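One letter stands for each residue in the lines below.
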Amino acid sequence: MKTLTLHGDAFAIGEQLGQAGHSAWHQTLTATSLWRTVIALKDSPEARTMAAAVEQHYPLIWQELTGLASGLQAPFDEVFAWNCRGDLVRSTSDGCTTLSGRDEQGRRLIAHNEDGFPQLKDDCFIAQIFPEQGAAYLSFAYPGSLCGHTLAVNQYGVVNTVNNIRAAERPAGIPRQVLARDALNASDLDDAVARLTVPPRAGAFHHTLGCVGDPRLFTVEATGHQCSVSEITQPYGHANHLVHPSQSQAAQVITDSSAARQQVIDAQLAGKPVLSEKLCVQVLSDTSERSLPVYRQDADDPDQENTLASVVFVIDNQSVRWSLYRDNRQQPELSGNRVADSLS
């Protein structure tokens, strides 16, 4: 997987992201049924309301989106709508599975399968970004999208992995991808939780959060009607639908794949007091449920999703070490270590 390092102001960062995703946007994304569904809503009252709110309350992210459209050489309203896809329609081709817990040394582990359009496998990339304003960060990036709604770690050691939630109700509010992008600026764990749960939001996401020097791990189910924040005290898994007890009445779409993956990871983690990197990769590579596996590589996947990358973050009091796996499930394809307020 290619890695890009980007520097500049908000517009320049967005423009470089757009240039990196230009071919995939015009040759792949625009050929999907989801793209056609979303773009048909680009002039909807919901899209216009969200645009006004982002421009007013998140001006740097607005500039980044403007730059993204410039780099993609695409109309801004289409690019903005695409970055609101989970706010405009209730079911998108984003899935994901996340594991979290502690190892025998007490280090915090967050492991994640990033599931998305299989046709984008060779077009996604790791972005290491140094903006003139805001925190530097490293993130998995989809062509045509803001960073932050996948898997990421920022310069302060805040780790955030994100699972799609197919909420039936999406009230007026800030787009979920904008809130996820804003969370990349968080200086600590409490700041990240606040950025994701305090502003009124439209679409729903699940976030798993950890941070260097903080013993806590959080699972956050954030919807337009309610945000549930729970501390993780034992090995825990989440497969992209609402599972917190306080969210039991929330209307949502739970696909067969999402339900099956949750059952598998719950069974795999049951009775295990701690995690390890090896166990995380093993669970994220599980294909025991042959038709609806955790590790998804079927071209005919019922949700139109494949596992594009898997990551394991190991968080201690000084650093975040990360390893990214793709086809080779035994050896990471990429790895790095964030230490002392820097990215490497």
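**Some thoughts on the overall build of the protein**
Each helix and strand counted, the protein has 10 helices and 14 strands in total. If you line up the protein on its principal axes, its C-alpha atoms span 50 × 40 × 35 Å. The proportion of buried residues among the 344 residues of the protein is 60%. Here the analysis covers contacts within the protein between residues at least 6 apart in sequence; of these, 65% occur between residues at least 24 apart. In the form shown here, the protein has an accessible surface area of approximately 12900 Å², with 47% of it arising from carbon and sulfur atoms. In the protein, which carries 26 positive and 39 negative side-chain charges, the distance between the mean positions of the two groups comes to 3 Å.

**Here we look at the sheet that holds strand β9 (residues 218-222)**
Sheet strands associate in pairs through backbone hydrogen bonding, adopting either a parallel or an antiparallel arrangement. Reading across from one edge, β1-β4-β5-β6-β7-β8-β9-β10 is the order of the 8 strands in this open sheet, with mixed pairing throughout. Looking at which strands have only one partner, the edges of the open sheet turn out to be β1 (3-8) and β10 (227-231). Geometrically, the sheet is characterised by an average inter-axis angle of 20° between neighbouring strands, direction not taken into account. Each of β1 and β4 (125-131) touches helix α1 (residues 10-27); the most contacted strand, β1, lies at about 155° to it.

**Concerning the packing of α1 against helix α4 (residues 59-72)**
At their nearest, the axes of α1 and α4 sit 6 Å apart, and the two run at 40° to each other. By the criterion of interaxial angle, the relationship of α1 to α4 is oblique. Crossing hand, α1 versus α4: right-handed. Contacts between α1 and α4 involve A10, F11, I13, G14, E15, L17, G18, Q19, G21, H22, W25 and H26 from the former and L60, Q63, E64, T66, G67, L68, S70, G71 and L72 from the latter.

**What to know about the nonpolar core**
Most often, soluble globular proteins have nonpolar side chains that are buried together. In terms of nonpolar packing, the biggest core is built from 67 residues, with L17, F140 and F313 touching the most fellow members. Per element, the largest residue contribution to this core is 6 residues, and it comes from α4. With sequence-adjacent residues up to four places away left out, F140 is seen in contact with M1, E114, C124, F125, I126, T150, L151, L308 and A309. A111, V264, L275 and Y325 belong to the second largest nonpolar core, which has 17 residues in total.

**Here we look at the pattern of salt bridges**
The tally for this structure, following the rule as stated, stands at 16 salt bridges. Its salt-bridge partner being D43, residue K42 comes within 3.2 Å of it at the nearest N-O pair. One continuous salt-bridge network, built from bridges that share partners, spans D115, R166, R296, D301, D303 and E305.

**Observations concerning the side chain of R261**
Along the chain, the position of R261 falls in helix α9 (residues 256-269). No salt bridge forms around the buried R261; measuring N to O, its nearest opposite-charge neighbour D115 is 4.2 Å away. There is a polar contact of 2.9 Å between the side chain of R261 and the side chain of T97. A polar contact is formed between the side chain of R261 and the side chain of N240, at a distance of 2.6 Å. Other than its neighbours up to four places away in sequence, R261 contacts C96, T97, D115, A239, N240, L292, P293, V294 and R296.

**A closer look at the packing of aromatic side chains**
Enumeration according to the criterion identifies 5 aromatic pairs in this entry. Through a chain of ring-to-ring contacts, three or more aromatic side chains come together here, namely W62, F76 and F80.

**Considerations on helix α10 (residues 277-284)**
Those residues of α10 that sit buried are L279, C280, V281, V283 and L284. Against β2 (97-102), β3 (108-116), α9, β12 (306-315) and β13 (319-325) lie the buried residues of α10.

**Quick look at the environment of F218**
Looking at where F218 falls in the secondary structure, it is placed in strand β9. Of the residues examined, F218 reaches a relative accessible area of 9% and is grouped as buried. F218 sits 58 residues away from N160 along the chain, and the two C-alpha atoms are 9.8 Å apart. Here F218 is in contact with L189, V193, H207, T208, L209, V229, S230, E231 and I232, once residues within four sequence places are set aside.

**Some details on the pairing of β9**
Along β9, 5 of the 5 residues are buried, which leaves the element largely enclosed by surrounding structure. Residue alternation in β9 divides its side chains into two sets, F218, V220 and A222 and T219 and E221, and both sets are buried. Here strand β8 (residues 204-211) pairs with β9 via 5 bridges, running antiparallel. Across the sheet, F205 pairs through a bridge with A222, a residue of β9. Between β8 and β9, which pair antiparallel in sequence order, lie 6 residues; one of them, G213, sits at a positive phi of approximately 75°. Taken together, the 5 bridges between β9 and β10 define a ladder with antiparallel strand orientation. Along β10, the bridge assignment pairs E221 with S228. Adjacent in sequence and paired antiparallel, β9 and β10 are bridged by 4 residues.

Cut-offs and rules
- Residues numbered from 1 in each chain as written.
- Predicted model: local features only at pLDDT ≥ 70, side-chain atom pairs only at ≥ 80, totals over all residues.
- Heavy atoms only, no water.
- Helix = DSSP H or I, 4+ residues; strand = E, 2+ residues; numbered from the N terminus.
- Buried < 20%, exposed > 50% of the residue type's maximum accessible area, 1.4 Å probe, protein only.
- Contact = heavy atoms within 4.5 Å.
- Areas by Shrake-Rupley, 256 points an atom, 1.4 Å probe, with all protein chains shown as cover.
- Lys, Arg positive; Asp, Glu negative; His and termini not counted.
- Charge placed at Lys NZ, Arg CZ, Asp CG, Glu CD.
- Pairing = 2+ DSSP bridges.
- Axes fitted to C-alpha atoms, helices over the stretch in contact; angles between N-to-C directions.
- Parallel < 35°, antiparallel > 145°, perpendicular 65-115°, else oblique.
- Left-handed = near helix turned anticlockwise from the far one by under 90°.
- Core = buried A, V, L, I, M, F, W, Y, C linked by side-chain atoms within 4.5 Å.
- Salt bridge = Lys/Arg side-chain N within 4 Å of Asp/Glu carboxyl O.
- Polar contact = N/O pair within 3.5 Å; in protein donor to acceptor, adjacent residues only side chain to side chain.
- Phe/Tyr/Trp six-rings, centres within 6.5 Å; stacked < 30°, edge-to-face > 60°.

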